[in-house]
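Now for the letters of each chain:
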Amino acid sequence: MTNKQTILKKISTNSEVVGIIGLGYVGLPLAVNFAEAGVHVIGFEKSKEKVDLVNSGKNYIGDIRDAVLREVVVEKLTLEATTDATRMKECDALIIAVPTPLDKFRKPDMSYIESACIDIGKNMKSGTFISLESTTYPTTTEDLMLPLIMEYSKQNPYFVSPLGEMSEGQRGGKHGTDFWLAYSPERVDPGNKDFHTRNTPKVMGAMTEDGMEIGEAIYLKAIDNIHKVSSPRVAEMVKILENTYRLVNISLINELALLSGKMDINIWEVIEAAKTKPFGFQAFYPGPGIGGHCIPLDPFYLEHIAKKYDFDLSMIHTAGSINMRMPHYMYIKIATALNSQKKAVNGSKVLFLGVAYKPNINDARESPALEIMDITAHKGGIIVYHDPYISKIKTNAGREYQTVELTKEELRSADIVVLTTNHKDFDVEFIQKHSKLIVDLRNMIEEENEKVVKL
Ligand SMILES: NC(=O)c1ccc[n+]([C@@H]2O[C@H](COP(=O)([O-])OP(=O)(O)OC[C@H]3O[C@@H](n4cnc5c(N)ncnc54)[C@H](O)[C@@H]3O)[C@@H](O)[C@H]2O)c1
């Protein structure tokens, strides 16, 4: 049997093993989905702490129900986690969901993908389907991953002739017969109760038709709908399009919100009215800036590759700049509100409600709240925060804080309360009743009055 026939047979008889590399916000829910469908999943994770948590059935991701994780780990025995990359040779498919941050010069840090590719090259068996899900710039799969996997597969015993030594040039796995590469971006929307990993359609672009056929057969075990595109680079651009579309529209509404504030126009009322148009308008809402692991980072990925093509992404660049300035504008709102009470930021107690980048989740990565806290602290404000989902945080400037309880006393003792995240848990009436002064950056309070300043 060829490698392709072997893997398709395994999939059709439910005996395939799927490896998920990186068990974070993306990887763990995907692993649980496959495991729930009865597929044997091995999760590869560098953090020993996460491996131990998964193997004892303890959940650390908001979107997974604790009971479901326990069931697949302890009862069904379909999910296990390991730090041991050599076990990749047990897998028929390897799906990569490792971080893709930016370095301190805002350039893509591809080291996590590179390290995953090195592990795969060295350890995969012949006949492995490989899919990248991490957000990245178009061409990553074909131009970065493929050569790396091929290079490191030269150190892999699977690809050395069993009949004896082969010459250096002949060693290594061949794409299309020994392994197949694809890109299939994750679209998870943390905290979304309606759309989750299984019922969100998945886009996939493989390098060959065989890779597409195998990839589709594998993913259909965990995802209801696969939308096939002609190449990995198309799939990579799809993800960037989705996220930059949000970035540009959020920036537009943020800019209009700032102008409306100056002109004494309520932007929220404007949006509600515009939404009555039944075609050609989609509502985006202003806020203190963008956050999370995707929207703030993606434009920089695209910029990185656009430079190679001598192309200037002026629209995306402008949108990114508007959003990067939002925390500073939010600080001005805080300072102006305090000033109206004859108070300075310096020495005032500023209570931030919510540090997560969006409601009802425990993720503060790239959260604009952290930047606003840093600017306010830098000007001498005394920072306190409450977030029911996040017990402690480290800001971009390295300041560390722990959440306080949301009590009457805490609200009363603050010179100003800043509503930074619209968590459903916040009792707006209670907050309003006991606060001296509020800056509402999320339209949580309908009426603006002498105590409430809105974005
Ligand atoms: N979080 C989201 O909402 C979201 C949505 C869509 C896409 N994405 C993209 O998915 C990717 C993963 O994001 P995330 O939020 O799950 O990140 P995360 O930091 O929550 O998880 C990544 C995990 O990978 C592990 N890891 C790193 N290198 C590894 C390696 N070589 N081998 C094994 N494990 C390794 C880390 O320890 C971590 O636990 C990113 O590219 C992100 O942009 C994220």
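Residues numbered from 1 in each chain as written. Predicted model: local features only at pLDDT ≥ 70, side-chain atom pairs only at ≥ 80, totals over all residues. Heavy atoms only, no water.

Describing the packing of helix 5 (residues 111-123) against helix 6 (residues 140-153)
Taken N-terminus to C-terminus, the directions of helix 5 and helix 6 make an angle of 40 degrees; their axes are 7 Å apart at the nearest point. Between helix 5 and helix 6, the crossing angle belongs to the class labelled oblique. In this structure, helix 5 meets helix 6 at a crossing whose hand is right-handed. Of the residues in helix 6, those touching helix 5 at Ile113, Glu114, Cys117, Ile118, Ile120, Gly121 and Lys122 are Thr140, Leu144, Met145, Leu148, Ile149, Tyr152 and Ser153. Tallied by class, the residues present in the contact of helix 5 with helix 6 amount to nine nonpolar, three polar and two charged. (Axes fitted to C-alpha atoms, helices over the stretch in contact; angles between N-to-C directions. Helix = DSSP H or I, 4+ residues; strand = E, 2+ residues; numbered from the N terminus. Parallel < 35°, antiparallel > 145°, perpendicular 65-115°, else oblique. Left-handed = near helix turned anticlockwise from the far one by under 90°. Contact = heavy atoms within 4.5 Å. Nonpolar A, V, L, I, M, F, W, Y, C, P; charged D, E, K, R; others polar.)

Focus on the sheet that holds strand 8 (residues 226-229)
Here we have eight strands laid out as an open sheet, ordered 3-2-1-4-5-6-7-8, and mixed in their pairing. In this open sheet, the two strands that pair with only one neighbour each are strand 3 (79-82) and strand 8. Each strand axis lies, on average, 25 degrees off the axis of its neighbour in the sheet, ignoring direction. Relative to strand 6 (residues 179-183), strand 5 (residues 128-132) is paired through five bridges, and the arrangement is parallel. When the bridges of strand 6 are listed, Ile130 appears paired with Leu181. (Pairing = 2+ DSSP bridges.)

Quick notes on helix 6
The first and last C-alpha atoms of helix 6 sit 18 Å apart over 14 residues, in line with the 20 Å expected at 1.5 Å per residue. At Leu146, helix 6 shows its largest bend, some 30 degrees, and a proline, Pro147, comes one to four positions later. The set of residues buried in helix 6 consists of Thr140, Thr141, Leu144, Met145, Leu146, Leu148, Ile149 and Ser153. (Expected span 1.5 Å × (residues − 1). Bend = angle between axes of the 7 residues up to and from the residue. Buried < 20%, exposed > 50% of the residue type's maximum accessible area, 1.4 Å probe, protein only.)

Observations concerning the site of the ligand
Around the ligand sit 26 residues, and of these Val26, Glu45, Lys50, Thr100 and Arg365 come closest. A distance of 2.6 Å is found between an oxygen atom of the ligand and a side-chain nitrogen or oxygen belonging to Thr100. Here an oxygen atom of the ligand sits 2.9 Å away from a polar atom, N or O, in the main chain of Thr135. Coverage of the ligand by the protein chains reaches 92% of its 830 Å² of free accessible surface. Of the residues assigned to the shell around the ligand, the class counts are 13 nonpolar, seven polar and six charged. (Near = heavy atom within 4 Å. Polar contact = N/O pair within 3.5 Å; in protein donor to acceptor, adjacent residues only side chain to side chain. Areas by Shrake-Rupley, 256 points an atom, 1.4 Å probe, with all protein chains shown as cover.)

Side note on helix 9 (residues 267-274)
Of the residues making up helix 9, those classed as buried are Ile267, Trp268 and Ile271. Along helix 9, the residues classed as buried sweep out an arc of 100 degrees about the axis, all on the same side. N-cap assignment for helix 9: the residue whose side-chain oxygen lies 2.9 Å from the backbone N of Trp268 is Asn266. (Arc of directions from axis to C-beta.)

Focus on the packing of aromatic side chains
For the structure on display, the rule yields three aromatic pairs. Measuring from ring centre to ring centre gives 6.3 Å for Phe34 and Tyr219, while their planes differ by 40 degrees; the resulting arrangement is tilted. With Phe34 in helix 2 (residues 27-36) and Tyr219 in helix 7 (residues 209-219), this residue pair connects regions lying 185 residues apart in the sequence. Just as Phe34 is buried, Tyr219 falls in that class too. With centroids separated by 6.3 Å and ring planes inclined at 10 degrees, the aromatic side chains of Trp268 and Tyr285 adopt a geometry described as stacked. In this pair, Trp268 sits in helix 9 while Tyr285 sits in the loop between helix 9 and helix 10 (298-308), placing the two residues 17 residues apart along the sequence. By relative accessible area, which is 10% here, Trp268 ends up buried. (Phe/Tyr/Trp six-rings, centres within 6.5 Å; stacked < 30°, edge-to-face > 60°.)

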